[in-house]
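Chain residues, written in single-letter form:
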Amino acid sequence: AQKITQTQPGMFVQEKEAVTLDCTYDTSDPSYGLFWYKQPSSGEMIFLIYQGSYDQQNATEGRYSLNFQKARKSANLVISASQLGDSAMYFCAMYSGGGADGLTFGKGTHLIIQP
Amino acid sequence: DAGVIQSPRHEVTEMGQEVTLRCKPISGHDYLFWYRQTMMRGLELLIYFNNNVPIDDSGMPEDRFSAKMPNASFSTLKIQPSEPRDSAVYFCASSLFAGALNEQYFGPGTRLTVT
């Protein structure tokens, strides 16, 4: 069974600093996808970035990048030059096939950006 | 595109009442997912549909929960009778395909409170 672990329940970061949110995963399927979603206080789930297990390069989307270390089974989200609007819950999620097409989510990290 | 639409956004009901949550997926998306988010259990997949057919309902907590997708543009999640422990945010998500390369787009969620 697949599992996502986010070990940081909460983080405080100074504005403009870079942030790394940790995510480790466990799956026996060679084909899988890793996703990061942002959930601001308003409650919606916003897709940020995706990494496929066969991708050779780390994914990047604007200020977001994914530090994918396959051997370590980690997929950390890096936010460069953090902004106050980055304050939110961040969820790491995985799709790993095997007939189940839903996403498995981690417990999330509550990120607070301080001015 | 308007994105995934859910209604109502908030629902307050008394224990024992029937609750119906509604979802309109993004046009052209073949997959529809229902998730539930609680503080204790995080985000959990309840059920998902492919081309209007329920594929996996193993996440549905008990027989009080049922979901239907009568056509490609509409799905319902029904709880009958509702109980206080059903209080949660219920998300609907849709995707074009399933699989590791596939992003799921989430609706704004329905916050259900059962008193």
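Everything below is about the structure shown above.
Presented here is a report on the structure given in the accompanying data block. (Residues numbered from 1 in each chain as written. Chains lettered and ligands numbered in written order. Predicted model: local features only at pLDDT ≥ 70, side-chain atom pairs only at ≥ 80, totals over all residues. Heavy atoms only, no water.)

1. Remarks on the state of the cysteines
Residue and element names in this part refer to chain A. We apply this condition: Put simply, a disulfide is two cysteine sulfurs that come within 2.5 Å. The helix and strand labels rest on DSSP assignments: H or I over at least four residues marks a helix, E over at least two residues marks a strand, and numbering proceeds from the N terminus. Any residue under 20% of the maximum accessible area for its type is buried, any over 50% is exposed, and the rest in between are partly exposed; the area is computed with a 1.4 Å probe on protein chains only.
A full pass over the atoms with the stated rule returns 2 disulfides over all chains. Across the disulfide from Cys-23 sits Cys-92; the S-S distance is 2.0 Å. Taking the sign of the S-S torsion, about -65 degrees here, the bridge from Cys-23 to Cys-92 comes out left-handed. Of this pair, Cys-23 sits in the loop between β3 (19–21) and β4 (24–26) while Cys-92 sits in strand β10 (residues 88–95), and the two are 69 residues apart along the sequence. You can call Cys-23 buried: its relative accessible area is 0%.

2. A look at the sheet that holds strand β7 (residues 65–71) of chain B
Residue and element names in this part refer to chain B. As a reminder of what qualifies: Strands pair, by our definition, only if DSSP identifies at least two bridges between them. Fitting a line to C-alpha atoms yields each axis, with helices limited to the stretch in contact; the angle taken between N-to-C directions then spans 0 to 180 degrees.
Pairing within the open sheet is antiparallel, and its 4 strands lie in the order β1-β3-β8-β7. Lying at the two open borders of the sheet, with one neighbouring strand each, are β1 (5–7) and β7. Within this sheet the neighbouring strands show an average axis-to-axis angle of 15 degrees, counted without direction. Where β7 meets strand β8 (residues 74–79), 5 bridges bridge the pair, whose relative direction is antiparallel. Bridging from a neighbouring strand, Ala-67 pairs with Leu-77 of β8.

3. Considering the nonpolar core
Burial of nonpolar side chains together is a common tendency in soluble globular proteins. Residues and elements named next belong to chain A. Just so we agree on the cut-off: Take the buried residues of types Ala, Val, Leu, Ile, Met, Phe, Trp, Tyr and Cys, join any two whose side-chain atoms come within 4.5 Å, and each joined set is a nonpolar core.
Membership of the largest hydrophobic core comes to 25 residues, with the highest contact counts inside it found for Trp-36, Leu-77 and Tyr-90. Of all the secondary-structure elements, those providing two or more residues to this core are β2 (10–14), β3, β5 (33–39), β6 (46–52), β8 (64–69), β9 (74–79), β10 and β12 (109–114). Of all the elements, β10 adds the most residues to this core, at 4 residues.

4. Here we look at the environment of Thr-20 of chain A
Residue and element names in this part refer to chain A. Put simply, the test is: The contact criterion used throughout is that any non-hydrogen atoms of two residues lie within 4.5 Å.
Relative to the helices and strands, Thr-20 resides in strand β3. A C-alpha to C-alpha distance of 6.5 Å links Thr-20 and Ile-79, two positions 59 residues apart in sequence. Once you skip the residues sitting within four places of it in the chain, Thr-20 turns out to touch Gln-8, Met-11, Asn-76, Leu-77 and Val-78.

In short, the description is geometric, and any link to function would need to be established separately.
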